[in-house]
Amino acid sequence: MKKLELNDPETKSADVVSENIKGLQSLFPEAFREGTVDFDVLKQLLGGAVHEHDEKYGLNWHGKRKAREVALSPSSGTLLPCPEDSVDWDSSRNILVEGDNLEVLKLLQKSYSGKVKLIYIDPPYNTGKDFVYPDNFKDSILNYMKVTGQVDHGGMKSTSNVETSGRFHTDWLNMMYPRLKLARTLLREDGLICISIDDGEFERLIQICHEIFGEENYIATFVWKRKAGGGDDSGHVAAEHEYIVCFARNSALAGVASVLHESPAMTAKYNREENGRRYYLERLDKTSLTYNESMDFLIEAPDGTMISPPQPDPSNPTTSWRWGKKTVDERRSELEFLREKKTGEWRVYTRTWEPLDGVTPRSLMVEKEHGRNRDGTQEIDSLIGPKIFNNPKPTKMLMHLLRIGAKDKDAIVLDFFGGSGSTGHAVLKLNAEDGGARRYLLVQLPEHTGRSDFPTISAITRERLRKAKAELGKSATTLSDRGFRLFKLAHSNIRPWEAEPSDLEGTLLANAEHIVPGRTEQDILYELLLKLGLDLCVPIETQLIVGKSVYAIGGGALIACLADGLTKDVVESLSAGIVAWWKELAPAVETRVVFKDSGFSDDVAKTNMAAILNQNGILDVRSL
């Protein structure tokens, strides 16, 4: 039975560097010598694809190399489940995580890589105020603990990011770059990411997205009208808009959906209806610079009148029909003939039907239906009270983006700058509207607010999502999941070896228990889900076997018993019960069985357990 230590790969988040090396080695095995890359050979194999010039186009800043390394370094943290602060824990598949989103994104890699359909984020706009995300990455979980006041009384000051420091853009780029690198791997191949930004960092955001996602995967920049009128909030021009930058994981597969009833203008355009489907009339004649005589012929009107394309100047014809004579004869039933009110002359029209799957999204989001800042403020004010959170994005705007990027009714939507929870609220509203089962995954730092009623921003997020459930419950009849599961970032449940050379005996006794004191079986169970790449909402079944709780996760992909008191006598009955349940579950994949190392009374009991399970076909047996 293998014992898992803190530094084992199974106890950490995905190791992106190792995966990259494995992929490279599988493609170019001859470029590797004794496990390391021979770059001279690799360059030869890549041929003309290698850029040898000293001067290269791109965005560089102080700390970029470190930011890239940070994204690649795995995490040894965990997410602790908090059922008591959740809503409908047992049934909900929505997730809210309190923690530093950099560390959380690392922890989500194994479980959600390639599964997210749409990412929407509204990151800090770099207005010159303090950053709550420090750039000391030596121990980012410790940073998180300090920032949120969980370690060191008084917390830890955020990074001052004023222009006079000479780091006006650098701090923001160092904060965003690793987070976007990690976000990309979570997207499905047909997934999209939408990022709200203003003029301050728009250009740099586009450049780092070109680098991370690829210029070929740029989809669009939406211009959102965030307000109408108002004061002069700029030195020269009052800014009424923001941008939403959109990139795809793979533009060739990008799931950019058409949008029904794009705007009042579209509704006005399709102003006729037949059998429940709307259309508008388009004149069959057209004027162009190049006159086509073959398209200028007579069409018979219902009263026998012969109609030709109307010519403003008969001596210089410029107008012809859009359809040729053969098409007119074959599709005569599709033509409509109307008389001009003033002249009584006949005009010929064709019907243009409203697309069944909607219209192509427009880059300008300027209609009232796309929402304004004040709509977002009114929403949260009505839910939890006035002046709780500044300028949350309106759900109208977010629902529009969801219709574009998360049309699939079972899509996973991620927002790792969760704020007040607007994205989660929008997902619930869209599900209520179309009967969808989309899931949201929100991440928000429990940043201090200075308030007594809502001491952290994440407390605001939780309350908004609770109130959104109650609000939707009044009208929604098809919505099944309006709850959420709350998790909190923490150090791993597995204790590191902490040696004290002056007291070897005391060190051995202190480290005899491999699990952090105070952690529950549920805490350990959910760390196993993360580290083994299972969904945090995967079904978990429980059986009591000889008085010990045994958990089967994912239909038996993982079986865990984290109880104490596993003596030699208990092991025989317990192992028999586990084998019987495993055979009943009949998982389609190889099963891993995990025990708590300190749960065994001695090595004999542990060895017997492994031997019995191995003999019955369960070969992957581990202990923590």
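These numbers come from a predicted model, not from an experiment.

The rules behind the values
- Residues numbered from 1 in each chain as written.
- Predicted model: local features only at pLDDT ≥ 70, side-chain atom pairs only at ≥ 80, totals over all residues.
- Heavy atoms only, no water.
- Helix = DSSP H or I, 4+ residues; strand = E, 2+ residues; numbered from the N terminus.
- Buried < 20%, exposed > 50% of the residue type's maximum accessible area, 1.4 Å probe, protein only.
- Areas by Shrake-Rupley, 256 points an atom, 1.4 Å probe, with all protein chains shown as cover.
- Pairing = 2+ DSSP bridges.
- Axes fitted to C-alpha atoms, helices over the stretch in contact; angles between N-to-C directions.
- Contact = heavy atoms within 4.5 Å.
- Left-handed = near helix turned anticlockwise from the far one by under 90°.
- Nonpolar A, V, L, I, M, F, W, Y, C, P; charged D, E, K, R; others polar.
- Expected span 1.5 Å × (residues − 1).
- Core = buried A, V, L, I, M, F, W, Y, C linked by side-chain atoms within 4.5 Å.
- Disulfide = S-S within 2.5 Å.
- Salt bridge = Lys/Arg side-chain N within 4 Å of Asp/Glu carboxyl O.
- Phe/Tyr/Trp six-rings, centres within 6.5 Å; stacked < 30°, edge-to-face > 60°.
- pLDDT = per-residue confidence, 0-100.
- Polar contact = N/O pair within 3.5 Å; in protein donor to acceptor, adjacent residues only side chain to side chain.

A.B. asks: Looking at this structure, how should I read the overall build of the protein?
C.D. replies: When helices and strands are counted, the protein shows 18 helices and 26 strands. Relative to its full complement of 624 residues, the protein shows a buried share of 49%. Here the protein has roughly 30500 Å² of accessible surface; of this, 49% comes from carbon and sulfur atoms.

A.B. asks: For this particular structure, what's the right way to read the sheet that holds strand 16 (residues 335–339)?
C.D. replies: Two modes of strand pairing occur in sheets, parallel and antiparallel, and in both the strands are linked by backbone hydrogen bonds. Taken in spatial order, the four strands line up as 10-11-17-16 in an open sheet, and their pairing is antiparallel. Strands at the two margins of the open sheet, each flanked by one partner only, are strand 10 (272–274) and strand 16. Taken pair by pair, the neighbouring strands of this sheet meet at an average axis angle of 45°, ignoring direction.

A.B. asks: Help me understand the sheet that holds strand 7 (residues 187–197), please; the structure alone is not making it clear to me.
C.D. replies: Strand order in the open sheet formed by 10 strands is 4-21-5-20-19-6-7-9-8-18, and the pairing between neighbours is mixed. A single partner strand is all that each edge strand has here, and the edge strands are strand 4 (77–81) and strand 18 (364–365). Where strand 8 (residues 218–225) lies against strand 9 (residues 241–248), seven bridges are found, and the strand directions are antiparallel. Directly across from Lys225, in strand 9, lies its bridge partner His241. Relative to the sheet, helix 7 (residues 170–186) contacts strand 6 (116–121), strand 7 and strand 19 (412–415), its axis offset from that of strand 7 by approximately 155°.

A.B. asks: Is there a simple way to think about the packing of helix 7 against helix 8 (residues 202–213) in this case?
C.D. replies: Helices that pack against each other are described as a pair by the angle of their axes relative to one another and the distance between those axes. For the pair helix 7 and helix 8, interaxial distance at closest approach is 10 Å and the crossing angle is 35°. Taken as a pair, helix 7 and helix 8 cross one another with a handedness that is right-handed. Each of Trp172, Leu173, Met176, Tyr177, Leu180, Lys181 and Arg184 in helix 7 lies in contact with helix 8, whose residues at this interface are Arg204, Leu205, Ile208, Cys209, Glu211, Ile212 and Phe213. Taken together, the residues of the contact of helix 7 with helix 8 sort by class into 10 nonpolar, no polar and four charged.

A.B. asks: Looking at this structure, how should I read the pairing of strand 16?
C.D. replies: Consecutive side chains along a regular strand alternate between the two faces of the sheet. One ladder, built from five bridges, connects strand 16 with strand 17 (residues 346–353); its direction is antiparallel. Bridge assignment links Arg339 to a residue of strand 17, and that residue is Trp346. Where strand 16 folds back on strand 17, the antiparallel hairpin that results is connected by six residues, among which Gly344 adopts a positive phi of roughly 75°.

A.B. asks: Mind showing me how you'd approach unusual backbone geometry here?
C.D. replies: Glycine aside, negative phi is the norm for most residues, and most peptide bonds take the trans geometry. Positioned with a positive phi, Asp88 is a non-glycine residue whose angle comes to about 60°. Here Asp88 shows up in the loop between strand 4 and strand 5 (95–98). For Asp88, a relative accessible area of 34% puts it in the partly exposed group. Positive phi, close to 45°, is recorded for Val546, a residue that is not glycine. By the secondary structure assignment, Val546 is in the loop between strand 22 (540–545) and strand 23 (548–553). Owing to a relative accessible area of 44%, Val546 belongs among the partly exposed residues under this scheme.

A.B. asks: Can you walk me through helix 13 (residues 422–434) in this structure?
C.D. replies: Structurally, the α-helix is built with 3.6 residues per turn, so residues lying three or four positions apart point the same way. Look at helix 13: 18 Å from first C-alpha to last across 13 residues, which is about the 18 Å you get at 1.5 Å a residue. Looking at the buried side of helix 13, the elements it contacts are strand 6, helix 11 (373–384), helix 12 (395–405), strand 19, strand 20 (439–444) and helix 14 (457–473). Phi turns positive one or two residues past the end of helix 13, at Gly435, with a value near 75°.

A.B. asks: In this structure, what is going on with the packing of helix 12 against helix 13? I would like to understand it.
C.D. replies: Helix 13 packs onto helix 12 with a crossing angle of 65° between their chain directions and a minimal axis gap of 9 Å. Crossing geometry of helix 12 relative to helix 13 is assigned as right-handed. Seen from helix 12, the contacting residues are Thr395, Leu398, Met399, Leu402 and Arg403; seen from helix 13, they are Ser422, Thr423, His425, Ala426, Val427, Lys429, Leu430 and Glu433.

A.B. asks: How should the nonpolar core be read in this particular structure?
C.D. replies: A general feature of soluble globular proteins is that nonpolar side chains tend to end up buried together. Core analysis: the largest hydrophobic core is formed by 69 residues, its most contacted members being Leu79 and Leu180. Non-local contacts of Leu180, meaning those with residues more than four positions away in its chain, are made with Ile121, Ile193, Ile195, Leu205, Ile208, Cys209, Ile212 and Phe213. If you look at the next biggest cluster of nonpolar residues, it comprises 34 residues, including Val259, Ile404, Val413 and Leu472.

A.B. asks: Sorry if this is basic, but what is going on with the state of the cysteines here?
C.D. replies: Here, the word disulfide means a covalent bond between the sulfur atoms of two cysteines. Per the counting criterion, the structure on display carries zero disulfides. The cysteine Cys194 is free of any disulfide, with Cys246 supplying the nearest cysteine sulfur at 3.9 Å. What makes Cys194 buried here is its relative accessible area of 3%.

A.B. asks: I would appreciate a short explanation of the pairing of strand 11 (residues 277–283) in the present structure.
C.D. replies: Here strand 10 pairs with strand 11 via three bridges, running antiparallel. When the sheet's bridge partners are listed, Arg272 is paired in strand 11 with Tyr279. Judged from the five bridges that link them, strand 11 and strand 17 form a sheet pairing that is antiparallel. When the sheet's bridge partners are listed, Tyr279 is paired in strand 17 with Trp353.

A.B. asks: Can you help me understand the pattern of salt bridges in this one?
C.D. replies: Where charged atoms from two side chains of opposite charge approach closely, those side chains can pair. Enumeration over the complete set of coordinates arrives at 34 salt bridges. The residue Asp100 makes a salt bridge to Arg179 at a minimum N-O spacing of 3.1 Å. Placement of Asp100 in the loop between strand 5 and helix 4 (101–107) and of Arg179 in helix 7 is noted, with a sequence separation of 79 residues between them. Like Asp100, the residue Arg179 is buried in the burial classification. For the salt bridge of Asp285 with Arg283, the shortest nitrogen-to-oxygen distance reads 3.0 Å. Look at Asp285 and you get buried, because its relative accessible area is 13%. Take Arg283: its relative accessible area is 31%, and that puts it in the partly exposed class. Here the residues in one salt-bridge network are Asp122, Arg226, Glu242 and Lys393, joined through shared partners.

A.B. asks: Can you help me understand the packing of aromatic side chains in this one?
C.D. replies: Aromatic ring pairs are reported here in terms of the distance separating the ring centres and the angle at which the planes meet. Within the structure shown, the criterion is met by 13 aromatic pairs. With 5.6 Å between their ring centres and 65° between their planes, Trp61 and Tyr177 make a pair best called edge-to-face. Remark: Tyr177 occurs in helix 7 and Trp61 occurs in the loop between helix 2 (39–46) and helix 3 (64–72); sequence separation between them is 116 residues. With respect to burial, Trp61 and Tyr177 carry one shared label: buried. Aromatic side chains Phe416 and Phe417 sit 5.4 Å apart centroid to centroid with 40° between the ring planes, which places their arrangement in the tilted category.

A.B. asks: I would appreciate a short explanation of the confidence of the model for the protein in the present structure.
C.D. replies: Caution applies to low-pLDDT parts of the model: their predicted coordinates are not meant to be read in detail. Counting all residues, the mean pLDDT for the protein is 86, and 83% of those residues have values of 70 or more. For the stretch residues 153–160, pLDDT sits under 50, and the model shows 17 contacts to residues farther than four places along the chain or on other chains. Across residues 504–512, confidence stays below pLDDT 50; counting only partners more than four residues off in sequence or on other chains, it has 11 contacts.

A.B. asks: Is there a simple way to explain helix 18 (residues 603–615) in this structure?
C.D. replies: Taking 1.5 Å per residue as the helical rise, helix 18 with its 13 residues ought to reach 18 Å, and the 18 Å between its terminal C-alpha atoms agrees with that figure. In this structure, the buried side of helix 18 is in contact with helix 17 (568–585), strand 25 (592–595) and strand 26 (620–623). Looking at where helix 18 begins, the residue whose side-chain oxygen comes 3.2 Å from the main-chain nitrogen of Val604 is Asp602. After helix 18 finishes, the residue Gly617 shows a positive phi value of roughly 100°.

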